[in-house]
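If you want the building blocks of each chain, they are given just below.
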Amino acid sequence: MIAKYIYPFYIILFLFLIGCKASDTSIPTIGFVDAFEDATISQAHDGFIDALKQQGFSEEEKTLKVLYRNAQGDIPTLTQIVNYFVSQDVTLIGTSTTVATITAVQRAKTVPIFMMVSPEPKRMGVVNDEGEAPGNLFGVGESLAYIDTSFALIPKFIKPKGDRLIVGMVYNQSEPQSQDALQRVKAMAEKLNILIEAMPVNSSADAQLVTQSLLNKGIDVFFANPDNTVFASFETILKNCNEKNIPIFTSEAGLVKRGAVAAFGADIYQWGYQAGEQAAEFLKKGDTSGLKIEMVKLRKRVYNSQIAKHYNLTFPENFEMIE
């Protein structure tokens, strides 16, 4: 008689456990990796997650599981993170900044990768001999076309102390997009009769000494170009420039909130949001058909009202004010 009731009980329990497992596996698991810790760069992750949530994929609603990791600027750690994502059989990988995207391309050959805060594939050196990007790389990249407009803001608002405007820059020799940006800026500077004083900085630990050396060259203004080291060490650069009363212009809108005077560039949050919209489309369809790498859609002119007041600068109405 007891057995009569025990066997149905185990059958029901077995079916329940199977049902739970099926339910868990039906929820997509994604990986997201930030290459390093940074207040501006982290906005891309926020935008990416918000876009997914807007399309019905969120951990709050239990329709998505997110494995988030930050490599803290360490390449071996970054490699381990991507390898871990692959071992967990994630549905997709979101990558923020160039080095994270490159590492994912190298390590995750079949998992769809949705990049952001990264340049176009050719400038990352991830295209094949035919100039084609990896078949599993999607998301949103950036060309350098906007740099001209960003840099051209400087002579409109800053007057030289001497006969010629001198603009200081630092760049990372190991980052292709940083060196490409420098060459683009130099070409633009020549057209505008501006002198560029540029010095290499390969880690945030070097930022203090390099920035001080640059300031001793008598620059009129500092230009913060798209460079991961600039992002990571911006507060150090800002502190030293402030001590010499040197304003900072930039091509990165996110740095204006952190103390740069003005920028024309991508909104980092919207950059991540745009990549997230594409990732959501993939999750809905279950395949990548019709998806391709996009370029950043939203750029804006912004200025920091407090910093602008300090330098007695007035910006026109087509600039968005940031407190």
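Note that the structure is a prediction, hence the values are computed from the model and not measured.

Reading guide: rules and limits
Residues numbered from 1 in each chain as written. Predicted model: local features only at pLDDT ≥ 70, side-chain atom pairs only at ≥ 80, totals over all residues. Heavy atoms only, no water. Core = buried A, V, L, I, M, F, W, Y, C linked by side-chain atoms within 4.5 Å. Buried < 20%, exposed > 50% of the residue type's maximum accessible area, 1.4 Å probe, protein only. Helix = DSSP H or I, 4+ residues; strand = E, 2+ residues; numbered from the N terminus. Contact = heavy atoms within 4.5 Å. Salt bridge = Lys/Arg side-chain N within 4 Å of Asp/Glu carboxyl O. 1 Å grid on protein atoms, 1.4 Å probe; cavity = no way out; pocket = protein on both sides within 12 Å on 5 of 7 lines; lining within 4 Å. Points joined across faces, edges and corners; volume = space filled by probe spheres on them. Nonpolar A, V, L, I, M, F, W, Y, C, P; charged D, E, K, R; others polar. Phe/Tyr/Trp six-rings, centres within 6.5 Å; stacked < 30°, edge-to-face > 60°.

Chemist: How should the nonpolar core be read in this particular structure?
Modeler: Taken as a class, soluble globular proteins show a tendency for nonpolar side chains to be buried jointly. Ranked by size, the top nonpolar core spans 72 residues in total, and within it Phe48, Leu52, Phe222 and Ile248 carry the most contacts. Residue contributions to this core peak at 7 residues, all from helix H13 (residues 268-285). Those residues in contact with Ile248, other than ones at most four positions away along the chain, are Phe222, Ala224, Phe234, Ile237, Leu238, Cys241, Ala260, Val261 and Ala262. If you look at the next biggest cluster of nonpolar residues, it comprises 32 residues, including Phe157, Ala181, Ile194 and Leu313.

Chemist: Quick question: what am I supposed to make of the pattern of salt bridges here?
Modeler: Side-chain pairing between opposite charges can occur once the charged atoms of the two side chains come close. Across all of its chains, the model carries 10 salt bridges by this definition. The closest approach of N and O atoms between Lys161 and Asp220, which form a salt bridge, is 3.1 Å. Separated by 59 residues along the polypeptide, Lys161 in the loop between helix H7 (154-157) and strand E6 (166-171) and Asp220 in the loop between helix H9 (207-215) and strand E8 (221-224) bring together distant segments of the chain. Of the charged contacts in the structure, one is a salt bridge between Glu281 and Lys285, with a shortest N-O distance of 3.8 Å. Remark: Lys285 and Glu281 occur in helix H13; sequence separation between them is 4 residues, near one turn of the helix. Taken together, the salt bridges that share partners define one network made up of Asp38, Glu235 and Arg258.

Chemist: Explain the layout of surface pockets here, please?
Modeler: Considering only enclosed or pocket space, the largest pocket measures out at about 420 Å³ in volume. Surrounding the largest pocket, 22 residues form its lining, Ile75, Val99, Asn172, Glu175 and Asn228 being those nearest its centre. For the lining of the largest pocket, the elements supplying multiple residues, two or more each, are helix H3 (75-87), helix H4 (98-107), helix H8 (176-191) and helix H10 (228-232). The residue makeup of the lining of the largest pocket, split by class, is 8 nonpolar, 11 polar and 3 charged.

Chemist: When you look at the packing of aromatic side chains in this model, what are you seeing that I'm missing?
Modeler: The description of an aromatic ring pair rests on the distance of the ring centres and on the angle between the ring planes. Counted by the stated rule, this structure contains 12 aromatic pairs. Relative to Tyr273, the ring of Tyr269 has its centre 6.2 Å away and its plane inclined at 35 degrees; by these criteria the two rings are tilted. Of the two residues, Tyr269 and Tyr273 are both situated in helix H13; the distance of 4 residues between them amounts to about one turn of the helix. When the ring of Phe315 is compared with that of Phe319, the centres are 5.2 Å apart and the planes differ by 50 degrees; the resulting orientation is tilted. Each member of the pair Phe315 and Phe319 is classed as buried. Members of the aromatic cluster, connected to one another through ring pairs, are Phe157, Phe249, Tyr303, Phe315 and Phe319.

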